[in-house]
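Coordinate inspection notes
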Amino acid sequence: MKLRGTAHKYGSNVDTDAIIPARYLNVSDAQELAKHCMEDIDTGFVRRVKPGDIIVAEANFGCGSSREHAPVAIKASGISCVVAGSFARIFFRNAINIGLPLLECPEAAAGCSTGDIIEVDLTSGEITNVTTGKKYRASPYPEFLLDIIKSGGLVSQTKKKLARAR
Amino acid sequence: MGSTLAEKILSRNSGSAVRAGDIAVVPVDLAFVQDTTGPLTVRQFQASGLKRLANPKRTVLFLDHAAPSPRSEHSNDHLLMRRFAEEQGCLIFDVGDGVCHQIVAERLANPGEVIVGADSHSVTAGALGAFATGMGSTDVAIAMGLGKTWLRVPETMRILTTGKFPTGVFVKDLILHLIGKIGADGATYKSLEFGGDVVDGMGMPDRLTIANMAVEAGAKVGLFPSDRITESFLKKHGRGDKYIPLQPDQGATCETTIEVDVSKLEPTVSRPHTVDNVALARELKGTKIQQVFIGTCTNGRIEDLEVAAAILKGKERNSRTRLLIAPASRQVYLDAIEKGYIQTLVKAGALILPPGCAACLGLHQGILADGESCLSTANRNFKGRMGNTQSFIYLASPATAAASALAGEIVDPREVM
C-alpha cells in the first residue's frame with residue numbers, strides 16, 4: 001500500500017493535548033475534531049493540510065493522555081500517515097486501532113522538512129523523500145498488527161471475528 | 001534465568017513463560033474508563049458488535065474529569081455512561097466520588113493482576129504490584145467485551161533507590177528528578193521497576209505517586225514489588241485476602257539499571273512545557289505564581305494534604321496567589337475533615353474543590369488567564385494543559401506548592417518548614 005503527500009514537520013514531544021486539547025473531548029464527530037487538530041501548537045495546520053499529506057515528527061510523538069481523539073482528529077484532517085522518530089506507546093496502539101498508519105524511523109524524521117513530498121510504502125516500510133531523493137526504511141509491522149491494519153482497525157477486526165464465531 | 005516483575009506477572013496471567021519482547025495474550029482482571037474516554041469506549045463497544053461485558057463486576061466507569069459537569073455536552077456524556085452502566089450492570093463511580101486512579105487503589109487493584117484503563121495514568125496501580133497500563137478507548141472497549149487483551153512484554157529499566165530523604169524532600173522530587181534525568185521518552189515502551197532500600201520502606205501513598213508518573217517518561221508500567229507494605233495496605237482496605245507476594249528475581253534481565261541516592265535530592269520543579277524540564281526549587285526563587293493547585297491522582301491523598309496543612313497552619317496564602325485544593329477521593333475528603341486539615345487549609349485561604357480531577361486538565365475549576373503561572377502537584381505541564389495556551393504550569397511536591405502559596409512565588413519549602 002503506497003501513500004504520497006506533502007510533509008508537515010514537527011519537533012519532539014508533540015503531546016496529545018497539543019494534537020487535540022481537552023476542551024474538545026466531548027466532541028464525537030471526527031470531522032468536527034479535525035477542525036481543531038494541532039490548533040494549540042500550529043494554528044495554520046487545518047488550513048494548510050490537504051488529503052493524503054503526511055505528518056513527520058521527531059521523538060515521542062503522541063505522548064501524554066490516552067485520548068484516542070488525537071489519532072482520530074489527525075486521520076479526519078486528511079493525513080494519510082505519520083512518520084516519527086518514535087511514538088508514545090498508547091498513541092501507537094490507538095492509531096493502529098483506528099486505522100491511521102504510523103512508521104517509526106528516526107533517520108527519515110531527521111531528513112524531512114515541511115513542504116517536502118514524501119512517499120511511503122506501508123508493506124515494505126520504505127520511505128522516500130521525493131524532494132531530496134533520499135530513501136529510508138522503517139521496521140515493518142509484526143504480523144498480528146498488520147492484520148489489524150488490513151482489517152481496517154480493531155473494531156472491524158473484532159466485528160469480523162464475532163461474525164465468524166456465530 | 002530470573003524474571004523481572006513484568007515478566008512474572010504476564011507469565012502468571014498468560015499461562016506461559018514469557019520474556020521481554022514476546023507478545024502475551026492475557027485475561028483482563030480489571031478494565032475501566034473515565035468520562036473523557038468512556039463515551040467513545042461505549043460507542044466502539046457497540047460498533048464492534050459486542051453485546052455484553054465479559055466481566056461486569058470488574059468493569060468500572062468513572063465520572064471524574066469533568067465533575068460536576070461544567071457544560072451540557074459533558075452532562076450528556078455522563079448520562080450516556082450512567083445508562084451504559086445500568087444496562088450492563090457494571091460499577092460506576094459518579095461525580096464527587098473521586099479520581100479513578102485513587103479509587104482503583106483504595107478499592108479495586110490487587111497484586112499480580114492485569115489492569116487496563118482508558119487513561120494514561122492507569123499506571124498508578126503498579127504501586128500495588130499490578131500490571132496496570134493505559135490504553136485508548138477502542139482497546140479498552142474490546143478488552144471489556146472479550147475479557148482479554150494483547151501486550152508486548154516490556155523490557156525493564158530498574159530504578160535502584162538508596163539513601164534517606166532529607167527534610168523537605170519527598171518522593172515527588174524523586175520522580176521529577178528521575179524524569180529530568182532520563183527524559184520524557186526515556187522509558188518509552190518499557191517497564192520502570194522500582195526497588196532498593198528506599199522502596200522497601202516506602203508507604204503505599206508514596207508508591208502511588210511514583211507509579212503514577214511512570215508514563216511521563218513514556219513507560220508502559222511503573223511496577224513496585226508486592227510486600228508487607230502492600231499486604232498491610234490491602235488489609236486496611238478490607239481485602240487482605242487478595243495479597244500475594246511478588247518480587248523480581250535476582251539475576252532478572254534488566255535493560256538498564258539507574259541508581260538514585262535520595263539523600264542527594266533537593267526540592268525539584270518541572271518548568272513549562274515538558275515534565276522533563278526540571279530545575280531545583282531554589283533556582284526558581286522569585287518566579288511569581290498566581291495559582292497553586294494541590295490535588296490529582298499524583299498528590300491528592302491524605303498524606304499530601306497533611307504536608308500542606310502542616311506548612312499552612314496558622315498562616316495565610318499570599319493575597320496575589322489563589323490556592324485550590326482537591327482531595328483525590330471522597331474517602332480522602334472525609335479523612336481530611338476528620339483530621340482537621342480542611343479547616344486549617346480553608347483558614348489559610350484555600351478553596352476546596354470537589355474530589356475529582358478538578359483543575360488538572362483544563363476543563364473547569366481553575367482555568368488560568370493569559371500570562372499566568374500555576375504551581376501544581378499534578379503530573380503534566382504541557383502547553384495549554386490547564387485550559388490556556390498562554391499560561392505556564394510548574395509541577396512540584398505538595399510541600400513546595402504550599403510554601404509557594406505563602407510566598408506568592410516559587411520557594412524551596414525548607415525555608416518555611
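Residues numbered from 1 in each chain as written. Chains lettered and ligands numbered in written order. Predicted model: local features only at pLDDT ≥ 70, side-chain atom pairs only at ≥ 80, totals over all residues. Heavy atoms only, no water.

1. Some details on the overall build of chain B
This is how it is decided: Put simply, DSSP marks the helices as runs of H or I at least four residues long and the strands as runs of E at least two long, and each gets a number from the N terminus on. To get the radius of gyration, use the C-alpha atoms; to get the globule rule, take the number of residues to the power 0.38 and multiply by 2.2 Å. Partly exposed residues are those whose accessible area sits between 20% and 50% of the maximum for their type, while under 20% is buried and over 50% is exposed, using a 1.4 Å probe and protein chains only. Here, Shrake-Rupley sampling with a 1.4 Å probe gives the accessible areas, and only protein chains in the shown set may cover a residue. Counted charges follow a simple rule, with Lys and Arg positive, Asp and Glu negative, and His plus the chain ends left uncounted. Just so you know, the charge point we use is NZ for Lys, CZ for Arg, CG for Asp and CD for Glu.
Along the backbone of chain B there are 14 helices and 18 strands. A globule of 417 residues ought to have a C-alpha radius of gyration of about 22 Å, and chain B, at 20 Å, matches this closely. Relative to its full complement of 417 residues, chain B shows a buried share of 64%. As displayed, chain B has an accessible area near 14,000 Å², and 49% of this comes from carbon and sulfur atoms. Side chains of chain B give 44 positive and 44 negative charges; the mean places of these two sets differ by 2 Å.

2. Details of the nonpolar core
We apply this condition: What we call a nonpolar core is a set of buried Ala, Val, Leu, Ile, Met, Phe, Trp, Tyr and Cys residues that are connected through their side-chain atoms within 4.5 Å. Whether two residues are in contact is decided by their heavy atoms: any pair within 4.5 Å suffices.
Among the nonpolar cores identified, the biggest contains 87 residues, and Phe61(A), Ile74(A), Val120(A) and Ile127(A) are the most heavily contacted of them. Among all residues touching Ile127(A), those that are not within four sequence positions of it are Val83(A), Leu103(A), Cys105(A), Ala108(A), Ile118(A), Glu119(A), Val120(A), Lys134(A), Lys135(A), Tyr136(A) and Ala138(A). Core analysis: the second largest hydrophobic core is formed by 66 residues, Leu192(B), Ala219(B), Phe233(B) and Phe293(B) among them.

3. Points about a positive patch on the surface
To be explicit about the condition: Only residues whose relative accessible area exceeds 30% and that form no salt bridge are eligible for patches; like-charged ones are grouped when within 9 Å, while nonpolar side chains (Val, Leu, Ile, Met, Phe, Trp, Tyr) are grouped when within 5 Å. Throughout this description, the term salt bridge denotes a Lys or Arg side-chain nitrogen within 4 Å of a carboxyl oxygen of Asp or Glu.
Taken together, the side chains of Lys160(A), Lys161(A), Arg164(A) and Lys148(B) present a region of like positive charge at the surface. Within the element layout of this structure, Lys148(B) appears in strand β7 (residues 148-152). Residue Lys148(B) is classed as partly exposed on the basis of its relative accessible area of 44%.

4. Overview of the side chain of Asp121(A)
All names here are of chain A. Quick note on the threshold: Any N or O atom pair separated by 3.5 Å or less is treated as a polar contact, with the protein-specific requirement of one donor-capable and one acceptor-capable atom, and with residues adjacent in sequence counted only for side-chain atom pairs.
Along the chain, the position of Asp121 falls in strand β5 (residues 117-121). Buried and unpaired, Asp121 has Lys2 as its nearest opposite-charge partner, separated by 4.4 Å. A polar atom in the side chain of Asp121 sits 3.3 Å from the backbone nitrogen of Ser124.

5. Overview of the pattern of salt bridges
Overall, the coordinates contain 30 salt bridges over all chains when judged by the stated rule. In this structure, the salt-bridge partner of Arg23(A) is Asp40(A), at a minimum N-O distance of 2.7 Å. Of this pair, Arg23(A) sits in the loop between α1 (16-19) and α2 (30-34) while Asp40(A) sits in the loop between α2 and α3 (45-48), placing them 17 residues apart in sequence. With a relative accessible area of 28%, Arg23(A) lands in the partly exposed category. Owing to a relative accessible area of 12%, Asp40(A) belongs among the buried residues under this scheme. Residue Arg82(B) is joined to Asp94(B) by a salt bridge in which the shortest nitrogen-to-oxygen separation is 2.7 Å. Here Arg82(B), found in helix α3 (residues 72-88), pairs with Asp94(B), found in the loop between β4 (91-93) and α4 (100-108); they are 12 residues apart in sequence, far enough to count as distant. One salt-bridge network, held together by shared partners, links Glu266(B), Arg282(B), Asp412(B) and Arg414(B).

6. With respect to empty space enclosed by the protein
Residues and elements named next belong to chain B. Heads up, the rule is: Two kinds of site are reported from a 1 Å grid over the protein atoms alone, namely cavities, where a 1.4 Å probe fits but cannot get out, and pockets, open sets with protein on both sides within 12 Å along at least five of seven lines, and residues are called lining when an atom falls within 4 Å of a point. Grid points are joined across faces, edges and corners, and a volume is the space filled by probe spheres set on the points. Note on residue categories: nonpolar means Ala, Val, Leu, Ile, Met, Phe, Trp, Tyr, Cys or Pro, charged means Asp, Glu, Lys or Arg, and polar means any other residue, Gly included. What counts as a domain boundary in this text is fixed by an automatic or database domain assignment.
Counting across every chain of the model gives 5 cavities of 30 Å³ or more. Space inside the largest cavity adds up to approximately 200 Å³. For the largest cavity, the lining is made up of 22 residues, of which His65, Asp119, His121, Leu361 and Arg385 are closest to its centre. Tallied by class, the residues present in the lining of the largest cavity amount to 6 nonpolar, 12 polar and 4 charged. Taken domain by domain, the lining of the largest cavity gets at least three of its residues from each of domain 1 (5-260) and domain 2 (268-415).

7. Overview of the sheet that holds strand β4 (residues 102-104) of chain A
Strands in a sheet are paired, the pairing made by backbone hydrogen bonds, and the direction either parallel or antiparallel. Residues and elements named next belong to chain A. Inclusion rule: Pairing between strands is defined by DSSP: at least two bridges between them are needed. Lines are fitted to the C-alpha atoms to define the axes, a helix being fitted only along its stretch in contact, and any angle between axes, read from their N-to-C directions, falls within 0 to 180 degrees.
Here we have 7 strands laid out as an open sheet, ordered β4-β3-β2-β1-β5-β6-β7, and mixed in their pairing. Strands at the two margins of the open sheet, each flanked by one partner only, are β4 and β7 (134-137). Adjacent strand axes in the sheet meet at a mean angle of 25°, parallel and antiparallel pairs treated alike. Sheet topology places strand β2 (residues 54-57) next to strand β3 (residues 81-84); 4 bridges connect them, and they run parallel. Pairing of Ile54 across the sheet is with Cys81, part of β3.

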